[in-house]
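What the coordinates show
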Amino acid sequence: MLKALINAMRVKELRRKILFTLAIIALYRVGSFIPVPGIPFAALVENFSASSGNANAALVMLNLFSGGALEYFSVFSLGIMPYITASIIMQLMQGVIPALGRWQKEGEIGQRKITRITRYLTLGLGLINAIGYLVLFQSSTFGIKFNDTVLPLWVTYVVIVVTLLAGTAFIMWMGELITQRGIGNGMSLIIFANIVARLPGNLYESITNAQDPMQGVVTTVIVILVILIIIPAIVFIERGQRRIPVQYSKRVVGRRVMGGQSTYLPFKVNGAGVIPIIFASCLLYLPAQIAAFFTDVDWLNAVSNFCSSGWGNWLLTFIFIIFFAYFYTSMVYHPEDTADNLRNNGGFIPGVRPGGATVQYLKDVINRITLPGAIFLAAIAIIPSILYTVSGNPLINTFGGTSVLIMVGVALDTMTKLESQLKMHNYDGFFK
């Protein structure tokens, strides 16, 4: 791996992309500590940890995905969640609105249209989230009083909301810059950086929060060892494939014989990646964001807490992850198109008739391999949450299965893209 990184830095184009990616991530991390104008910074930081853990469990995950920016109410407090939520809505709408479905099939031109709508939707959701946080931090849960000594209070509110909205647009722009000019998917790398940024602080809390310092050290070491054991299992599932053999019939074109070779169709066991967990998290924490507007509505707060923590969260997480795993896989793989391409190019699956039989065979294979992958994702997401409820160790809560899965998935995706670039320049990649 070290040799591959050295080789990557030797190639001028790759070196520029890597350094550009690191510079954008560093800029994002700096912005995560710049507070929004007009807030009592010290009071907010002091009250956040105690209040968020008890009253609103959703804030823990939201603060994680923002890299701790929400805790400081910085210009990047909204983090990447508005964009992810907007992407979820656009993915769902593609199966409902015919125009979006047509745009998806139009290639780059259609994708530009979808991206433009996603941006506008992100800003709309960011506006709603900004107002929600403004109301939440002034509620009885936190009791923060914003600065109104210099400017009228409504001006302070406008400045805060506009600053948060501008931060959301800037994050979206940085993510797209990384995707276009850097290495890997920009939005995924920002989430990766946010999770990793919380590691030092949570290691310290895991050790110091224990009644006995030695017990805290032992518990922390055990948690780290368990995470190191889980990582190979995640890599195994992420790289796992079901390869369906394909045979191409021989064709005579002029004096040349075409075809006749054998190949395979690769179907990943976890074709949806970390998307089901992110989608499920967004839906489950949506009631908490809505409840921020109506802090005095008891039933809404009860629904929010039910979806955000405890056995209700575990049950809904399991159901949503299974659903989104099948839903997203159905959007990634199109058996009808695959069967048509095989038939048009003279290919067939041995023992399966071309046409409708091939389509049904591919659907059955996809459905069978998606289930174990979805159950694995659900277990990775739920078990650490249960362990945190029992032990109370903050390291388990922050770096549980979901966080590790996201980090491993993003790392593998980035390494795969970097490897393809290395092989173009005749260098060995990460995977032997």
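Residues numbered from 1 in each chain as written. Predicted model: local features only at pLDDT ≥ 70, side-chain atom pairs only at ≥ 80, totals over all residues. Heavy atoms only, no water.

What about the overall build of the protein?
Helices and strands together make up the secondary structure of the protein, namely 19 helices and 5 strands. Of all 432 residues assigned to the protein, the portion counted as buried reaches 46%. Restricting the contact set of the protein to residue pairs at least 6 apart, pairs at least 24 apart contribute 71%. Accessible surface, the protein: about 22000 Å² in total, of which carbon and sulfur atoms supply 65%. (Helix = DSSP H or I, 4+ residues; strand = E, 2+ residues; numbered from the N terminus. Buried < 20%, exposed > 50% of the residue type's maximum accessible area, 1.4 Å probe, protein only. Contact = heavy atoms within 4.5 Å. Areas by Shrake-Rupley, 256 points an atom, 1.4 Å probe, with all protein chains shown as cover.)

Focus on the pattern of salt bridges
Within the structure shown, the criterion is met by 3 salt bridges. Notably, a salt bridge pairs R119 with E176, separated by 2.9 Å at the nearest N-O pair. Of this pair, R119 sits in helix α8 (residues 108–137) while E176 sits in helix α9 (residues 153–181), and the two are 57 residues apart along the sequence. With a closest N to O distance of 3.1 Å, D340 and R343 form a salt bridge. With D340 and R343 both in helix α16 (residues 335–344), this residue pair falls 3 residues apart, about one helical turn. (Salt bridge = Lys/Arg side-chain N within 4 Å of Asp/Glu carboxyl O.)

With respect to the layout of surface pockets
Of the voids in this model, the largest pocket is the one considered here, and its volume is about 1500 Å³. Lining the largest pocket are 44 residues, and of these Q91, N185, S188, I275 and Y328 sit closest to its centre. The leading source of residues in the lining of the largest pocket is helix α19 (residues 401–424), at 7 residues. Of the residues in the lining of the largest pocket, the class split is 17 nonpolar, 19 polar and 8 charged. (1 Å grid on protein atoms, 1.4 Å probe; cavity = no way out; pocket = protein on both sides within 12 Å on 5 of 7 lines; lining within 4 Å. Points joined across faces, edges and corners; volume = space filled by probe spheres on them. Nonpolar A, V, L, I, M, F, W, Y, C, P; charged D, E, K, R; others polar.)

A closer look at helix α10 (residues 186–197)
Here α10 is 12 residues long and its end C-alpha atoms lie 16 Å apart, about the 16 Å a rise of 1.5 Å per residue gives. For α10, the full list of buried residues reads G186, M187, L189, I190, I191, A193, N194 and I195. (Expected span 1.5 Å × (residues − 1).)

A closer look at the sheet that holds strand β5 (residues 347–348)
A sheet is described by the order of its strands in space; here 3 strands give the open sequence β4-β1-β5, paired in antiparallel fashion. The sheet is open, and its two edges are formed by β4 (262–268) and β5, each paired on a single side. In terms of strand pairing, strand β1 (residues 241–248) meets β5 through 2 bridges, oriented antiparallel. Paired with Q247 across the bridge in β5 is F348. Across the sheet, helix α17 (residues 356–391) lies against β1 and β4, angled at about 165 degrees from β1, the strand it touches most. (Pairing = 2+ DSSP bridges. Axes fitted to C-alpha atoms, helices over the stretch in contact; angles between N-to-C directions.)

A word on helix α15 (residues 310–332)
In this model, α15 (23 residues) spans 32 Å end to end at C-alpha, consistent with the 33 Å of a helix rising 1.5 Å per residue. The complete set of buried residues in α15 reads G312, N313, W314, T317, I321, I322, F324, A325, F327, Y328, T329 and M331.

Description of the packing of aromatic side chains
Taken as a whole and assessed by the stated rule, the structure comprises 8 aromatic pairs. With 6.0 Å between their ring centres and 15 degrees between their planes, F323 and F327 make a pair best called stacked. Of the two residues, F323 and F327 are both situated in helix α15; the distance of 4 residues between them amounts to about one turn of the helix. Both rings, one in F324 and one in F327, keep their centres 6.5 Å apart while their planes meet at 80 degrees; by these two values the pair is edge-to-face. Note that F324 and F327 are positioned in helix α15 at a spacing of 3 residues, about one turn of the helix. There is no split in this pair, since F324 and F327 are both buried. Aromatic rings pair up to connect Y28, F76, F170 and W173 into one cluster. (Phe/Tyr/Trp six-rings, centres within 6.5 Å; stacked < 30°, edge-to-face > 60°.)

Comments concerning the packing of helix α2 (residues 12–31) against α9
A pair of packed helices can be characterised by two numbers: the angle between their axes and the separation between those axes. Where α2 meets α9, the closest approach of the two axes is 9 Å, and the angle between their N-to-C directions is 170 degrees. Judged on the interaxial angle alone, α9 and α2 are roughly antiparallel. Mapping the contact onto sequence places K17, F20, T21, I24, I25, L27 and Y28 in α2 and F170, I171, M174, L177, I178 and R181 in α9. In the contact of α2 with α9, the residues fall into 10 nonpolar, 1 polar and 2 charged. (Parallel < 35°, antiparallel > 145°, perpendicular 65-115°, else oblique.)

A word on the pairing of β1
Regular strands place their side chains on alternate faces of the sheet. Sheet topology note: the β1/β4 ladder contains 7 bridges and is antiparallel. Bridged to V246 within β4 is T263.

Remarks on the confidence of the model for the protein
Confidence along the protein averages 77 in pLDDT terms, with 79% of residues attaining 70 or more. In the model, residues 50–56 has pLDDT below 50 throughout and makes 11 contacts with residues more than four positions away in sequence or in other chains. (pLDDT = per-residue confidence, 0-100.)

A word on the packing of helix α14 (residues 298–308) against α15
Running from N to C, α14 and α15 cross one another at 60 degrees; their axes reach a closest spacing of 5 Å. The residues of α15 that touch α14, namely those facing F306, C307 and S308, are W311, G312, N313 and L316.

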